[in-house]
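Okay, here's what each chain looks like letter by letter:
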Amino acid sequence: MKMRVLTQWLLVMALTFSLGATADAVFPTKPITILCGAAAGGSTDLTARMLAKAMTEILKQPVVVEDKPGGGGFVANSELFRAAPDGYTVIVNASSLYNLASFLRKPSFDPWKETPIMSYGIYPFTLAVKSDAPWKTVKDFIGYIKQNPGKVSLSTSNPDSMENLPIWMLEEKEKISVKLVPYEGGAPAVAAVLGGHAQAFTGVAEAIPHIRDGSMRGLATYLGERMPGLPDLPTLKESGYDVVVESRLAVYGPPGVPPEVVKILQEAFRKAMDSPEFKKVCQSFEVTPSFMDSAQIDRYHRDLAAKTKPILIKLGKIKE
Amino acid sequence: MLDSILTGFSISLSLNNIFYALIGTIVGTVVGILPGLGPGATIALLLPLTFKLNVTSAIIMLAGIYYGVAYGGTLTSVLMNIPGESCTVVTCIDGYQMAKKGRAGAALSIAAIGSFIGSTVGVIGIMLVAPPLASIALTFGAAEYTSLMIAGLTLVTYLSSKSPLKSITMAAVGLILGCVGLDPIEGNERLTFGSVTLLDGINIVPLAMGLFGIGEVLTMVEGSVEETGLVQSSVKLRNLLPTRQEWKDSIGPICRATPLGFFLGILPGGGANLASFISYGLEKRVSKHPEKFGTGIIEGVAGPETANNSGTAGAFIPLLTLGLPFNVITALLLAAFMVHGVTPGPMILKKSPEVFWGVVTSMYVGNFMLLVLNLPLIGLFINILRIPYPILSPLIGVICFIGAFSLSNNAMDIVVMVFFGLLGYLMRKFEYDAAPLILAYVLGPMLERSLRQALMYSNGSLGIFITRPISAVLLSIALLSILSPVLKMAFQNIKKTLSHRA
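Attention in this report is confined to the structure presented alongside it. (Residues numbered from 1 in each chain as written. Chains lettered and ligands numbered in written order. Predicted model: local features only at pLDDT ≥ 70, side-chain atom pairs only at ≥ 80, totals over all residues. Heavy atoms only, no water.)

### Let's talk about the sheet that holds strand β5 (residues 126-130) of chain A
Two strands in a sheet stick together by hydrogen bonds in their backbones, pointing the same way (parallel) or opposite ways (antiparallel). With respect to topology, 5 strands assemble into an open sheet ordered β7-β6-β8-β5-β9 (chain A), the strand pairing being mixed. On the outer flanks of this sheet lie β7 (179-182) and β9 (216-221) of chain A, each paired with one strand and no other. Averaged over all pairs of adjacent strands, the angle between their axes in this sheet comes to 30°, without regard to strand direction. Bridge analysis of β5(A) against strand β8 (residues 200-203) of chain A gives 4 bridges, and the strand direction is antiparallel. Along β8(A), the bridge assignment pairs A:T126 with A:G203. Taken strand by strand, helix α5 (residues 138-147) of chain A contacts β5, β6 (153-156), β8 and β9 of chain A, and its axis lies near 95° from that of β9(A). Its contacts with the sheet place helix α18 (residues 434-457) of chain B against β6 and β7 of chain A, and it is angled at close to 165° to β7(A). (Pairing = 2+ DSSP bridges. Helix = DSSP H or I, 4+ residues; strand = E, 2+ residues; numbered from the N terminus. Axes fitted to C-alpha atoms, helices over the stretch in contact; angles between N-to-C directions. Contact = heavy atoms within 4.5 Å.)

This is the structure we're talking about:
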């Protein structure tokens, strides 16, 4: 009898303590992994690494970046879906996953089921021509395209990347048509413009050093605001075209991460953005640091996807 | 000019920078030896660690990793038939056969010396002709590239040491394998069978590790257990140095491969990989005894091993003078430059000459270190060949599995490798060569991309390939390459009839 009471008492005590432990334990109690679906050493990987370093101090737990490149981020995202939704595994994705890739590639997972956590930056986007080209502004260039239909070529880094989207939008709005010639990455695409093969380059950071040293001329950026690294380069909107496309670096978790954990992660990422090393890496890759919380990034991606879908249908890339 | 070079050496020969060059080259050699762990991943991991260094030291170290890799990759290619890096895949073909004949020491020595010559001449090229060559490389557009690839593919048909039909069959398989993944212009999925991994195409490292490494293991398993090692113990492994004949046979390939690799390295989309393959094809084409390629002859090692190093040196030209990285590794080096606030490009010689000359001259220092490091190591590593089959074959298997996985932490790469291992085994049994398959697999996607780009630029007109002079010249070379055996035969017939009449 006595024994039974003791056992019951112990059981109750054990239960109380374990419950107390769950309620009181502050996230995180173990290391956090940030998956990265882009190649190591690029802007996505390095910005994430700098944030991870700062977050290790903020959260008092190791935060590590694990590269899982492949399939335009699909390999890493498949991995994310296999992880527990406890906030210990998150991922850095580019906007194109929720926008172009989810329409064009039919992923085996539903990216919209992922838990949005935050966004910390915007990739640089530019439209640039060779410096000896006659066009000084986007208006000049579009005027030339109108006079020479089907003759103007633009080099791009990829057949279906985000920097092609503003060109497709311009084609539709201005009733023009250009040849978008995809290369294997941004560098050969810039080389095609420098070598006089294509008239303009639409892409990410690769043209910026050339705009600075004068071998290329920037016509516009597709972002909503001017880039800090190139304050003289106007936006498309300022140039008189109502087109804004931003590709964001966004952090997501597996489906169903508890809101209180999302909050802790979101704040830790926000604080980590103050790290000087993060700012330095952003500066060298021309990434604009820009914070969005969980709800904002979710809304941003849903809006962008809604805008993109009709364009892809019109281009015949997807069916209704 | 001389002034700048001397200033450069005063920077690269400072104790500090010699130390960083040494670290870089040692890490590079190790990374080269370990299959799967590539220079890209290594540089990416080490990049944040260099933030505290000054820019010249950081680049000297990271660049050392890049050019050190081609030295290290040779070791596993020759000794275990596992390509340590993609630029040493082609070395497996003749290098491993040489090892089987007890000539591994010679193969590795010639490879190290060829690498040294290729790199050093390449670095001289960077110093003397970088800016003008870079602008020539820019005129190389889609049409020129297409014609270059066609000329390269004509070499494939000559890669047959067996029947031409088998060789062409293998080339066709290689072309099909090159199509796997997203098509380069429209982005449609091809032959991916719903696999996420195959969206990026088949990676050359698991492909080659399967065809060569795993294929070899499966063949080894057939052998009897009593066999001692790859090389009978009676063969003197100490005989490391190449024979006089081997030296003589290597001079030609090294002299041809140096400029070839250098130029292919400069081109957009080129690099050390392409250089090694084209060099192998070229050596076989110009050889007086092409049938001996694949049986373990020194020309098959000397050419590609030189070309991959001069190609590596060449790839620095667009990076340093145009700020354009045409492959993954130079892209990482660009990132390293930019993180340190230096932008490579036309202005680098004016804005930060000490960085430019410091890095370029450090490549002499680094390559000399690699030569000094590698030659004595050959004697040590060569003992791998004494390991008995029953121990060596599972070891090769394990290294291949780890290598395939560590490529991008993806287990699917192991599946791909095992698939090609079985294929490689069957190819051995039915006497099909891997060389045409791999060459076609490397050239095919580049040909497709540039062909379709060129036709986009020309609005579908094929004239673009003839009206552009460089392209026309390359196409003529391709045509000559195809027709030459026929012409040769015709010429001999005429000669015969003439001598009959006389």
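Moving on from the model shown.
### Considering the interface of chain B and chain A
The figure often quoted for interface size is the accessible area lost as the parts come together. Taken together, the contact pairs 40 residues of chain B with 44 residues of chain A. In total, about 3,500 Å² of surface goes out of reach between chain B and chain A, with carbon and sulfur atoms giving 61% of it. The interface formed by chain B and chain A includes 0 salt bridges. The interface formed by chain B and chain A includes 12 residue pairs in polar contact (both at pLDDT 80 or more). Elements with a contribution of two residues or more to the side of chain B that touches chain A: α3 (39-46), α6 (104-139), α13 (328-339) and α18 of chain B. Of the residues assigned to the side of chain B that touches chain A, the class counts are 24 nonpolar, 10 polar and 6 charged. (Buried area = accessible area lost by both parts, 1.4 Å probe. Salt bridge = Lys/Arg side-chain N within 4 Å of Asp/Glu carboxyl O. Polar contact = N/O pair within 3.5 Å; in protein donor to acceptor, adjacent residues only side chain to side chain. Nonpolar A, V, L, I, M, F, W, Y, C, P; charged D, E, K, R; others polar.)

### Some remarks on a nonpolar patch on the surface
A cluster of nonpolar residues, B:L479, B:L480, B:I482, B:L483, B:V486 and B:L487, forms a patch on the protein surface that exposes about 560 Å² of accessible area. When you line up the elements, B:L483 lands in helix α20 (residues 469-501). (Patch = residues over 30% accessible without salt bridge, like charges linked within 9 Å, V, L, I, M, F, W, Y side chains within 5 Å. Areas by Shrake-Rupley, 256 points an atom, 1.4 Å probe, with all protein chains shown as cover.)

### What to know about the pairing of strand β11 (residues 288-293) of chain A
Residues and elements named next belong to chain A. With burial as the criterion, only one face of β11 is covered, namely that bearing T288, S290 and M292; the residues P289, F291 and D293 on the opposite face remain uncovered. In the sheet, strand β4 (residues 115-122) pairs with β11 via 4 bridges, with the strands oriented antiparallel. Bridging from a neighbouring strand, M118 pairs with D293 of β11. (Buried < 20%, exposed > 50% of the residue type's maximum accessible area, 1.4 Å probe, protein only.)

### Brief notes about the pattern of salt bridges
Taken as a whole, this structure holds 24 salt bridges over all chains when the rule is applied. Among the salt bridges present, the one from A:K317 reaches A:D160, with a minimum N-O distance of 3.0 Å. With A:K317 in the segment after α11 (294-314) and A:D160 in the loop between β6 and α6 (165-174), the pair connects residues that are 157 residues apart, well separated along the chain. Residues B:R256 and B:E283 are paired through a salt bridge, measuring 2.9 Å at the closest nitrogen-oxygen approach. Taken together, the residues B:R256 in helix α10 (residues 244-266) and B:E283 in helix α11 (residues 272-286) connect sequence positions 27 residues apart.

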